Structure formats: C-alpha cells, structure tokens
Amino acid sequence: MRNVEFRNYLYEYYYLRGKAKYHGKILPYSEAKDDLQKAIELDDTIPDYYFYCAKAWYGISTERTDSTDSGEAIQNAQNYIDSAIKKYMKKEASDSDEKLEEESENGIEVDLDDASSVELFNKKQDKILAEYYYYAGLIHVSIDNYDKNLMEDIKNYQNAVSYDPGNAEYFSQLGISYYKRDDLTNAEEAFDSAILIDKANSDYNNEGYHLAWKAHVIEKDESRVQEAIEVYEDSLKFSEDYAYSYRNLAELYKSENDTASAENTYSRTIKNCADNAEFYYARGIMYYNENDFVYTIADMEKAIEGGSSGKADAYYMIGSSYYMLQNYSESYKYYQWAKDNGVSGVEINEYMNTCLEYMKEE
C-alpha cells in the first residue's frame, strides 16, 4: 500500500517540478520536458501532463537552430497536445458526474442539485479545454505556416473560442490566421470580438493591439483607408509606445499624400518608442524628398547610432545629402562608408568620381 501511495506522489512530483521549470523559464526546456515525460510514464491518463509536455517541446523547438531538429520538436509538441485533447475529451465523456462528486468531496462547493453550480463547474472545465485547443492552434501555425490548404490552426482556434468565448486572445489569434489567408471578412469579425471583450474587461485588456490589427485588416481595402487611419489613431490612445501602429499609420498618411501627418507620426514614434532607429531613417527619407538635407543628415546619423538595419543605406543618404549641399569631401567620405557596408553600383561610383573632381578644384 505504501508503494502505491509513493508512486502516486512520485508522478505528481515530476509533474509539478516540470511545470514549475516551464513557468520559471528554466532553460533548456528539455529540463521541464524530461520531468513531464517521466510523470506520463508513471501515469498516462492525466491530460495536463501531456499539455505541459507539449508546451515544453514547443519551447525546445524555439531553442534549436537546426531546422530538422526544430521540426522534430514541434512535431512532438503536436503529438502531445493532440493526446492531451483526446484524453481530456475521453475523461469528460466517461466520468463527468464522478468529477463533480469528487470536487464536492474535496471541499470545492459544487451542489449537484443546483444547476447554476454545475454550470459554473462545467465552464471551468470548458476553459481548460479551450486552452488546449488554443495551444494546438499555436503549434499548427509553427508547422503549417498559415498554408492556405491547411486549416488546422483555424479549426483549433475556432474550438478554443467556442469553449471559452470570453477570451480576447483566442479571437485575436483566430483573426491573425484568417488574415494570413486573405480572409479579411472573418479576420475583421474576429478582431471585433476581441475588442468587445477588451471593452468589457476593466482589469486587463489588449485593446490597443487588437485595434491595430483591425486597422491592418481594414487598410487592405483601398476604399477604407481613412477608416483604417482612424482605427490606428484609436489604437495609439491605448498604447502610445506601439511602434507597429505608428509605422503603418505613417505609411497610410504617405499613401494619401499627407506628408505633414506622416512626418508628425514619425516624430511621435521617435518620442514615444525606445527602439526608434528605423523611424529616424524613415523620417530622414521624407526630409530628403523635401530637400531638407540638414534634417536628413541629423536623422540618418541617429538611425546609425541606434543600430538601424539600413545602416549602409543611411550612410548613402548622408553622402547624397552632403552632395546636394555641395560639401563634396564629406559626401565622398560617407559614400565610401556606404560602399564599405555593402552599397554598390554604377550610381555611387559616378557620384564619388564627381566628388573627387570637385575636391581637386577646392
């Protein structure tokens, strides 16, 4: 008898330790995976063991740089999450009444004669299953990469929102999956659902993010560009440091030939976002197109200092700005730095040769 009790404690121990390692983000994720698989070996009937093992394998897939190893890990994640769902559904079908009685015996108030009490318990169970389906959707996205011929992520997200229709994140991921497959009508509907849930949740919501995604969907319809601009502006009322909205909003203003609003948007981004090197670069391009070469130089230098991915192009734009200001020695210097960082072609060589000619005359 004591051996049976010890065994029961042992699988719970491995489960709790593996779960703690996962939530504690103790790396590598294989540390959590090993414990969780051990728990499953000792008791292969508990869905949550499979669920957390799937999450651990999913974490492992993000750690591995080799595509084959990563693919194997994500496939294992899928197998475990599928098992979690199947085992959960099987247990629900076979012993739902027993679960209610067990909860009551354990001191959790579930009045079996009270329909509202039973409904509340069932809702809790629904949320567990919804989370399983949600995670299955995330895993399928990693496998299928939004393949239009494979809709497993959408099916899982649809199941998640059907079991827990009050979770905005589930609707958000469903909306993204629809968007990635160019199903804009269903995508907008999903984000609208997420936003409605946000509005009803005063403690925590992600309304700015969901509004930004809705705007991104709307802007694909050229007849709704102004509406998209308004929704992006609304999103920034919730998240002033949300670079995604600023970038797309600025691009929309430019598409409407509203240069002043585009420049203002870039300026707001630079003020509110810590990671703003790309926005210095974008605003610098606008200044250059307006012949404001001094401002272009200042913004491009900030972009370079901030580690912009367009460092070589920033050097080129500074060189071109000095060229237009007839400062040929500085122009030549920056053109050379642009070449050193990968810019090539006939045009830059011609400009550099011209600089040399003018420099001889100085």
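Residues numbered from 1 in each chain as written. Predicted model: local features only at pLDDT ≥ 70, side-chain atom pairs only at ≥ 80, totals over all residues. Heavy atoms only, no water.

Q: I'd like a description of the confidence of the model for the chain, backed by residues and values.
A: Here the chain averages 86 in pLDDT, and 88% of its residues register 70 or above. A low-confidence stretch, residues 1-6 stays under pLDDT 50, and its non-local contacts, those more than four residues away or across chains, total 0 contacts. Every residue in residues 106-121 scores below 50 in pLDDT, and together they form 17 contacts with partners more than four places removed in sequence or on other chains. (pLDDT = per-residue confidence, 0-100. Contact = heavy atoms within 4.5 Å.)

Q: Which residues make up the environment of S255, and what are the values?
A: Relative to the helices and strands, S255 resides in helix α11 (residues 243-255). For S255 and V225, which are 30 residues apart along the polypeptide, the C-alpha to C-alpha distance reads 9.1 Å. Among the polar contacts listed, one links the side chain of S255 to the backbone oxygen of L252, at a separation of 2.6 Å. (Helix = DSSP H or I, 4+ residues; strand = E, 2+ residues; numbered from the N terminus. Polar contact = N/O pair within 3.5 Å; in protein donor to acceptor, adjacent residues only side chain to side chain.)

Q: Which residues make up the pattern of salt bridges, and what values go with them?
A: On inspection of all chains with the given rule, the structure shows 18 salt bridges. Here K199 ties to E207 by a salt bridge, and the two come within 2.7 Å at their closest N and O atoms. With its nearest N and O atoms 3.8 Å apart, the salt bridge here joins K360 to E357. Residue K360 and its partner E357 are both found in helix α17 (residues 346-361); the two are separated by 3 residues, about one turn of the helix. In this structure K360 comes out as exposed when scored by relative accessible area, which is 64%. Connected through salt bridges with shared partners, the residues R17, K21, E31 and D35 form a single ionic network. (Salt bridge = Lys/Arg side-chain N within 4 Å of Asp/Glu carboxyl O. Buried < 20%, exposed > 50% of the residue type's maximum accessible area, 1.4 Å probe, protein only.)

Q: Explain helix α15 (residues 311-324) to me, using residue names and the numbers behind them.
A: Helix length check: α15 (14 residues) gives 20 Å between terminal C-alpha atoms against 20 Å at 1.5 Å per residue, within 8%. For α15, a buried count of 11 out of 14 residues is recorded, marking the element as mostly surrounded by other parts of the structure. Those residues of α15 that fall on the buried side of the exposure criterion are A312, A314, Y315, Y316, M317, I318, G319, S320, S321, Y322 and Y323. Positioned one or two residues after α15, Q326 has a phi angle of 65 degrees, which is positive. (Expected span 1.5 Å × (residues − 1).)

Q: Account for helix α9 (residues 207-218), with residues named and values stated.
A: For α9, with 12 residues, the first-to-last C-alpha span of 16 Å sits near the 16 Å given by 1.5 Å per residue. α9 sits mainly inside the fold: 11 of its 12 residues count as buried. Those residues of α9 that sit buried are E207, G208, H210, L211, A212, W213, K214, A215, H216, V217 and I218. Buried positions along α9 lie against α7 (168-180), α8 (184-200), α10 (225-238) and α11.

Q: Any details on the packing of aromatic side chains? Residues and values, ideally.
A: All told, the structure shown has 29 aromatic pairs when counted by the stated rule. Judged by centre distance (5.0 Å) and plane angle (80 degrees), the ring pair of Y334 and W337 falls under edge-to-face. Of this pair, Y334 and W337 both sit in helix α16 (residues 328-340), separated by 3 residues, roughly a single helical turn. Accessibility expressed as a relative area gives 34% for W337, which makes it partly exposed. Ring-pair connections join several aromatic residues into one group, and the members of that group are Y15, Y22, Y29, Y49, F51, Y52, Y58, Y88, Y132 and Y135. (Phe/Tyr/Trp six-rings, centres within 6.5 Å; stacked < 30°, edge-to-face > 60°.)

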